[in-house]
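Results of the structural survey
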Amino acid sequence: QVQLVESGGGLVQPGGSLRLSCAASGSTFSPDTMGWYRQAPGKQRELVATITNGGSENYGDSVKGRFTISRGNARNTVYLQMNSLKPEDTAVYYCNAPYGSTWYFPWGQGTQVTVSS
């Protein structure tokens, strides 16, 4: 059974950093593009960043210059380095792989990121 597991979230002060990790277990598929998405309370899920197997990166406007996405050596692993965090970055962060109008994997539980002093 395919399962996405996100980790690395927590409580951090404004200006701080966190590194999120994601691994998809139980899958024989290795999608070309994987990404991070986030959902804040009362808001729709939004794109944070995506990366292809070739290393092409794409970022949401609100995180450009502060966040960096990377892929791990293991199949279907992806990381998100978040620097200069702001209170508006507070959300549950999820990883997945876009596949047309749907997703390669079932959504995981996500990891909570809270930026607050």
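In short, a report on the structure. (Residues numbered from 1 in each chain as written. Predicted model: local features only at pLDDT ≥ 70, side-chain atom pairs only at ≥ 80, totals over all residues. Heavy atoms only, no water.)

Some points on the state of the cysteines
The full count for this structure, using the stated rule, is 1 disulfide. A sulfur-sulfur distance of 1.7 Å marks the disulfide that ties Cys22 to Cys95. Torsion about the S-S bond of the Cys22 and Cys95 cystine: about 55 degrees, corresponding to right-handed handedness. One end of the pair, Cys22, is in strand S3 (residues 18-25); the other, Cys95, is in strand S9 (residues 91-96), and 73 residues separate them in sequence. Its relative accessible area of 3% is what places Cys22 among the buried residues. (Disulfide = S-S within 2.5 Å. Helix = DSSP H or I, 4+ residues; strand = E, 2+ residues; numbered from the N terminus. Buried < 20%, exposed > 50% of the residue type's maximum accessible area, 1.4 Å probe, protein only.)

Structural notes on the pattern of salt bridges
Side chains that differ in charge, positive against negative, can pair when their charged atoms come close. All chains considered together, the criterion is met by 4 salt bridges. Note that Arg38 and Asp89 form a salt bridge whose closest N and O atoms lie 2.9 Å from each other. Of the two residues, Arg38 sits in strand S4 (residues 33-39) while Asp89 sits in the loop between strand S8 (77-82) and S9, which places them 51 residues apart along the sequence. Relative accessible area serves as the criterion here: at 5%, Arg38 is assigned to the buried category. (Salt bridge = Lys/Arg side-chain N within 4 Å of Asp/Glu carboxyl O.)

Let's talk about the sheet that holds S9
Strand order in this open sheet of 6 strands is S2-S12-S9-S4-S5-S6, and the pairing throughout is mixed. Two strands close off the open sheet at either side, each with one partner strand: strand S2 (10-12) and strand S6 (57-59). Strand-to-strand twist of the sheet, defined as the mean angle between neighbouring strand axes without regard to direction, takes the value 20 degrees. Sheet analysis places S2 next to strand S12 (residues 111-115), joined by 3 bridges and oriented parallel. Directly across from Leu11, in S12, lies its bridge partner Thr114. (Pairing = 2+ DSSP bridges. Axes fitted to C-alpha atoms, helices over the stretch in contact; angles between N-to-C directions.)

On their own, these measurements won't tell you what the molecule is for.
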